[in-house]
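Remarks on the overall topology
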Amino acid sequence: MSNPRGEDMPLDKVSPARLTGPVLAGVLPHQPVAVVEKAAEVALSAGLHLVLAFADVTSFPAAGDRDGHLTAQAIDPDGIDDDAAAITESLRSRIADQLDGTGVQWTFVTLAGEPARSLGRYAASINASMIVVGTKEHGLGPRFEGLVTGSVALHLAHRQNCPVLMVPLGRHDPSRDQ
């Protein structure tokens, strides 16, 4: 095990720090329930608050808004997606139904802009203990989308100071690993 300077230290000299910041989970409409389930499991096990965040790509953070949450501007004021508020409310309602009765303390926020950047900024602003996101689902559509937009999970894993938990989505076919 290494210390921050990269020097090896005996394991008996290192005591793990307690997680104190909330667990931040990136959520999407029509996303499998596994992401919220795993984020809730981690938050409940550690006694932490759960923050579920949806990044609205039809808006961008306003000038001076460092976490992408407080003030957002629509990309197209005429409304690329006039259903953005309905989509957000439907997602929040679905999550509320899923978490009802679990004992997890949670909040839902809508962030502005590109998902990886907005989740990263918001995680830093709330001092998140970790970020939980789903991986790309299997299939031709998600694979093509990944080529165009990249992977939010990989972007976060390479650029964050807090741990990123990637929840696998979809079925994996081991025979394709050859």
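This text goes with the structure placed above it.
In this numbering scheme, every chain counts its residues from 1 along its sequence in written order. Under the rules for a predicted model, residues below a pLDDT of 70 receive no local features and side-chain atom pairs below 80 are neither given nor counted, while totals for whole chains, interfaces and linings still include all residues. Values shown for side chains rest on all heavy atoms present in the structure; no hydrogens or waters enter the calculation.

Here we look at the packing of helix 1 (residues 34-46) against helix 2 (residues 84-99)
Between helix 1 and helix 2, whose axes approach to 11 Å, the crossing angle comes to 55°. When the interaxial angle is binned, helix 1 and helix 2 end up oblique. In this structure, helix 1 meets helix 2 at a crossing whose hand is right-handed. Contacts from Val36, Glu37 and Ala40 of helix 1 reach helix 2 at Ile95, Gln98 and Leu99. Only C-alpha atoms enter the line fits that serve as axes; for helices the fit covers just the stretch in contact. Angles between N-to-C directions range over 0 to 180 degrees. Strands are runs of DSSP state E lasting at least 2 residues, helices are runs of H or I lasting at least 4, and numbering of each runs from the N terminus. For this classification, under 35 degrees means roughly parallel, over 145 means roughly antiparallel, 65 to 115 means roughly perpendicular, and everything else is oblique. For any pair of crossing helices, the crossing counts as left-handed if the nearer helix is rotated counterclockwise from the farther one by less than a right angle, and right-handed if it is rotated clockwise. Here, residues are in contact when the closest pair of their heavy atoms is within 4.5 Å.

Comments concerning the packing of helix 3 (residues 115-125) against helix 5 (residues 152-159)
At a minimum axis separation of 9 Å, helix 3 and helix 5 run at an interaxial angle of 40°. Taken together, the axes of helix 3 and helix 5 are oblique relative to one another. Between helix 3 and helix 5 the crossing geometry is right-handed. Only Val152, His155 and Leu156 of helix 5 make contact with helix 3, whose side of the interface consists of Pro115, Ala116, Arg117, Leu119 and Gly120. Note on residue categories: nonpolar means Ala, Val, Leu, Ile, Met, Phe, Trp, Tyr, Cys or Pro, charged means Asp, Glu, Lys or Arg, and polar means any other residue, Gly included. For the contact of helix 3 with helix 5, the residue count by class is 5 nonpolar, 2 polar and 1 charged.

Regarding the side chain of Ser129
Position of Ser129 among the secondary structure elements: in the loop between helix 3 and strand 6 (130-134). The cut-offs for exposure are 20% and 50% of the maximum accessible area for each residue type, with area from a 1.4 Å probe on protein chains only; residues under the lower value are buried, those over the upper are exposed, and the others partly exposed. Overall, the relative accessible area of 9% leaves Ser129 in the buried class. Side-chain atoms alone can form a polar contact between residues adjacent in sequence; in general such a contact is a pair of N or O atoms within 3.5 Å, and within protein one must be able to donate a hydrogen while the other accepts it. In this structure the side chain of Ser129 is engaged in a polar contact, spanning 3.4 Å, whose partner is the backbone nitrogen of Thr20. Excluding anything up to four places from it in sequence, Ser129 contacts Leu19, Thr20, Gly21, Pro22, Leu48, Cys162 and Pro163.

Section: the sheet that holds strand 6
Whether two strands pair depends on DSSP finding at least two bridges between them. Spatially, 5 strands are ordered 5-2-1-6-7 in an open sheet, and the strand pairing comes out parallel. Two strands bound the open sheet, and with one partner strand each, they are strand 5 (106-112) and strand 7 (164-167). Across the sheet, the mean angle separating the axes of adjacent strands is 25° when strand polarity is ignored. Strands strand 1 (23-26), strand 2 (50-56), strand 5 and strand 6 of the sheet are contacted by helix 3, whose axis makes an angle of about 130° with strand 5.

Digging into the pairing of strand 6
Taking burial as the measure, the 5 residues of strand 6 include 5 buried ones, the bulk of the element. Residues Met130, Val132 and Gly134 line one face of strand 6 and the alternating positions Ile131 and Val133 line the opposite face, and both faces are buried. The sheet contact formed by strand 6 and strand 7 spans 4 bridges and is parallel. What sits directly across from Val132, in strand 7, is Leu165.

Some remarks on helix 3
Taken together, the buried positions of helix 3 are occupied by Ala116, Ser118, Leu119, Gly120, Tyr122 and Ala123. Residues of helix 3 that are buried in the fold lie against strand 1, strand 2, strand 5, strand 6 and helix 5. Of the residues trailing helix 3, Asn127 is marked for its positive phi of about 55°.

What to know about the nonpolar core
We define the nonpolar core as a collection of buried residues of types Ala, Val, Leu, Ile, Met, Phe, Trp, Tyr and Cys that are connected through side-chain atoms lying within 4.5 Å of one another. Formed by 23 residues in total, the largest nonpolar core has its most connected members in Val23, Val27, Leu50, Leu52, Ile95 and Val132. Breaking this core down by element, the ones donating at least two residues are strand 1, helix 1, strand 2, helix 2 and strand 6. The element contributing the most residues to this core is helix 1, with 7 residues. If we skip the residues at most four places from it in the chain, Leu52 touches Ala25, Val27, Val36, Ile95, Leu99, Trp106, Thr107, Phe108 and Val109.

Quick look at the pattern of salt bridges
By definition here, a salt bridge exists when the distance from a side-chain nitrogen of Lys or Arg to a carboxyl oxygen of Asp or Glu is within 4 Å. On inspection of all chains with the given rule, the structure shows 2 salt bridges. Where Lys38 meets Glu41, a salt bridge forms, and the shortest distance between an N and an O atom there is 3.1 Å. Taken together, the residues Lys38 and Glu41, both in helix 1 and 3 residues apart, mark about one turn of the helix. According to the relative accessible area criterion, Lys38 is partly exposed, its value standing at 30%. Here Glu41 falls in the partly exposed class, since its relative accessible area comes to 45%. With its nearest N and O atoms 3.0 Å apart, the salt bridge here joins Glu89 to Arg92. Highlighted residues: Glu89 and Arg92, both in helix 2, separated by 3 residues, approximately one helical turn. With relative accessibility at 30%, the residue Arg92 sits in the partly exposed group.

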